[in-house]
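Chain and residue survey
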Amino acid sequence: MVKLTLDISSYNRIKTLLPEICPEVEFHLEYIDENLDKLGFCKSAPCFVAFELDEQGFNELIDTLSYIEIDAFNTPNGENPKSDSFAYHKYLKYGCLFDILNNAEIIKAE
């Protein structure tokens, strides 16, 4: 199991988008500290999210998500992708998932 520290707005984006492209990946909200948000100490409440993946499976998920951007910008002539490109539209919708998950802090088991 891989556990991450995120904020609740990032978790909500993952909860909405990830099942559309990786429905086999199971994850759940493990803890949320709403009091920090209520007291005004943060913009979005911090939370812990648990992925039912081992470290290798999580790295494979990150690789899968990185290929969304690679596919979008890997054009034959090296120019920017066309605005009507399927791969580019997929990147616009799901590209944030790579950023969120790749930059999240992994909670190490003690």
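In this report, the structure presented in the accompanying data block is examined. These numbers were taken from a predicted model, which means no experiment stands behind them. (Residues numbered from 1 in each chain as written. Predicted model: local features only at pLDDT ≥ 70, side-chain atom pairs only at ≥ 80, totals over all residues. Heavy atoms only, no water.)

**Re the layout of surface pockets**
Here the largest pocket is characterised by a volume of approximately 200 Å³. Taken together, 12 residues make up the lining of the largest pocket; nearest its centre are Met 1, Val 2, Lys 3, Ile 106 and Ile 107. (1 Å grid on protein atoms, 1.4 Å probe; cavity = no way out; pocket = protein on both sides within 12 Å on 5 of 7 lines; lining within 4 Å. Points joined across faces, edges and corners; volume = space filled by probe spheres on them.)

**Examining the side chain of Thr 75**
Within the element layout of this structure, Thr 75 appears in the loop between helix 3 (55-73) and helix 4 (86-103). Judged by relative accessible area, which is 17%, Thr 75 ranks as buried. Excluding anything up to four places from it in sequence, Thr 75 contacts Asn 80 and Pro 81. (Helix = DSSP H or I, 4+ residues; strand = E, 2+ residues; numbered from the N terminus. Buried < 20%, exposed > 50% of the residue type's maximum accessible area, 1.4 Å probe, protein only. Contact = heavy atoms within 4.5 Å.)

**Considering the environment of Glu 69**
The residue Glu 69 is located in helix 3 in this model. As a C-alpha pair, Glu 69 and Gly 95 span 26 residues in sequence and 6.4 Å in three-dimensional space.

**Comments concerning the sheet that holds strand 3 (residues 46-51)**
Spatial ordering of the open sheet is given by 2-3-1-4, a layout of four strands whose pairing is antiparallel. Each of the sheet's edge strands pairs with one partner strand only, and the pair in question is strand 2 (27-32) and strand 4 (105-107). On average, each strand axis in the sheet is tilted by 35 degrees relative to the strand beside it, whichever way the strands run. Here strand 2 pairs with strand 3 via five bridges, running antiparallel. Bridging from a neighbouring strand, Phe 27 pairs with Phe 51 of strand 3. Where helix 1 (residues 8-21) meets the sheet, it contacts strand 1 (2-7), strand 2 and strand 3, and its direction lies at approximately 170 degrees from that of strand 2. (Pairing = 2+ DSSP bridges. Axes fitted to C-alpha atoms, helices over the stretch in contact; angles between N-to-C directions.)

**Brief notes about the pattern of salt bridges**
Here the structure, examined in full by the defined rule, presents two salt bridges. Across the pair Glu 30 and Lys 3 runs a salt bridge whose closest N-O atoms are separated by 3.2 Å. Residue Glu 30 is found in strand 2, and its partner Lys 3 is found in strand 1; the two are separated by 27 residues along the sequence. As a salt-bridge pair, Glu 20 and Lys 93 come within 3.0 Å of each other at their nearest N and O atoms. Note that Glu 20 is positioned in helix 1 and Lys 93 in helix 4, a separation of 73 residues in sequence. (Salt bridge = Lys/Arg side-chain N within 4 Å of Asp/Glu carboxyl O.)

**Focus: the pairing of strand 3**
Summarising the sheet, strand 1 and strand 3 pair through six bridges and their orientation is antiparallel. Along strand 3, the bridge assignment pairs Lys 3 with Ala 50.

**With respect to helix 4**
The end-to-end C-alpha separation of helix 4 is 26 Å, in line with the 26 Å expected for 18 residues at 1.5 Å each. At Lys 93, helix 4 shows its strongest bend, of approximately 50 degrees. Taken together, the buried positions of helix 4 are occupied by Tyr 94, Gly 95, Cys 96, Leu 97, Ile 100 and Leu 101. The secondary structure elements touched by the buried residues of helix 4 are strand 1, helix 1, strand 3 and helix 3. For helix 4, the side-chain oxygen to backbone nitrogen distance between the N-cap and Ala 87 is 3.3 Å, and the N-cap itself is Ser 85. (Expected span 1.5 Å × (residues − 1). Bend = angle between axes of the 7 residues up to and from the residue. Polar contact = N/O pair within 3.5 Å; in protein donor to acceptor, adjacent residues only side chain to side chain.)

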